[in-house]
Amino acid sequence: MADYNNLKVWLDGEIIEYKDAKVPILTHSLQYGSGIFEGIRAYDTGNGPAIFRLDDHVNRFFRSAKIYYMNLKFSSEEFKNAIISVVKTNDLKSCYIRPFAFYNDDSIGLSPFNKKISVFIAAVPFKEYLTEINGVRCKISSWKRISSNILPVKAKASGNYLNSIIAHLEARYSGYDEAIMLAENANIAEGPGENIFIVKDGKVISPGTSSDILEGITRDTVLKISKDLGYEVVERDMHKEELYISDEVFFSGTAAEITPIVEIDGIKIGDGKPGKITLSIKERYMEIVHGKIKAYYNWLTFI
């Protein structure tokens, strides 16, 4: 278990000690997964810590709240300033930031109608999520990605991730590092907590929104970086066998950053090593988040 007791967090407008941020064990969102959240990174740069694409993350958080009928009672500007204050207060140079809104009510019952909503922000030191430096091995999951006629996939909601967790666990217990999920229409969707890309004949290809993907902010970053690097970018439906015969495959995500995939279902991707295009995108991404390219400073909120 991580030790965060020396950290300070923000809860409903106040900075408090992490150990004092307590809710009842029967809290609605713990019982039913009725929360929304974001994952945001701050990186150390030559000009101090900088939060990557903060405005985009805050906007998505508020869109998730709207979809789930949650009145957060804070403006997006107040919320953004609260995130900055948590990073500042904890004097973190590089960290993972977790905003979370939840029904803070411990009554037994499914309906959260008119129940109290609390908003929480933590910032914690964070290492790499997928740590295999030479790429990860993946399994196509037997569990399908939820579709938007079941739950709203555009919302980053806690309950959605039970779908991700069971796919991830299946992959890990089968000896793989991570899962790849298919949409209900059998097209490639995404990883449990990552978007996915393939590289074929010099093109950078991503599943489109018709495959019920979460429209990841890192995914959007990759699309823009790829164009800036001169690669042709395509968003379209993809069948799973395309993964096996791709030149390169990689994940993108706030936690995963840019992670090469070198094997899927026991089949080597390309020569079984991280590909040149993947590595060029990863290199540019890391330069951007660490503040080394001024042309992308509009994506950075310096602390």
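The structure this text deals with has already been given above.
Residues numbered from 1 in each chain as written. Predicted model: local features only at pLDDT ≥ 70, side-chain atom pairs only at ≥ 80, totals over all residues. Heavy atoms only, no water.

Comments concerning the environment of Ile293
Tracing the backbone shows Ile293 in the loop between α7 (276–289) and β17 (300–302). We classify Ile293 as buried; its relative accessible area is 18%. Residues contacting Ile293, with those up to four places away along its chain left out, are Arg284, Glu287 and Ile288. (Helix = DSSP H or I, 4+ residues; strand = E, 2+ residues; numbered from the N terminus. Buried < 20%, exposed > 50% of the residue type's maximum accessible area, 1.4 Å probe, protein only. Contact = heavy atoms within 4.5 Å.)

Structural notes on the packing of helix α2 (residues 54–67) against helix α3 (residues 76–89)
Look at α2 against α3: their axes get within 10 Å of each other, and the N-to-C directions meet at 125°. Classed by the angle they form, the pair α2 and α3 counts as oblique. Viewed along their axes, α2 and α3 form a crossing whose handedness is right-handed. Facing α2, whose interface residues are Leu54, Asp55, Val58, Phe61 and Phe62, α3 presents Ser76, Phe79, Lys80, Ile83 and Ile84. (Axes fitted to C-alpha atoms, helices over the stretch in contact; angles between N-to-C directions. Parallel < 35°, antiparallel > 145°, perpendicular 65-115°, else oblique. Left-handed = near helix turned anticlockwise from the far one by under 90°.)

Description of the pattern of salt bridges
The tally for this structure, following the rule as stated, stands at 16 salt bridges. Residues joined in a network through salt bridges with shared partners are Arg53, Asp56, Asp220 and Lys224. (Salt bridge = Lys/Arg side-chain N within 4 Å of Asp/Glu carboxyl O.)

What about the packing of aromatic side chains?
For the structure on display, the rule yields 14 aromatic pairs. With a centroid separation of 6.3 Å and 80° between ring planes, the pair formed by Trp10 and Phe79 is classed as edge-to-face. Residue Trp10 is located in strand β1 (residues 8–11), and its partner Phe79 is located in helix α3; the two are separated by 69 residues in the primary sequence. Owing to a relative accessible area of 2%, Phe79 belongs among the buried residues under this scheme. An aromatic cluster of at least three residues, connected via ring pairs, comprises Trp10, Phe61, Phe62, Phe74 and Phe79. Looking at Arg137, its charged tip hangs above the ring of Tyr176, at a distance of 4.8 Å from the centre. (Phe/Tyr/Trp six-rings, centres within 6.5 Å; stacked < 30°, edge-to-face > 60°. Lys NZ or Arg CZ within 6 Å of the ring centre and 35° of its normal.)

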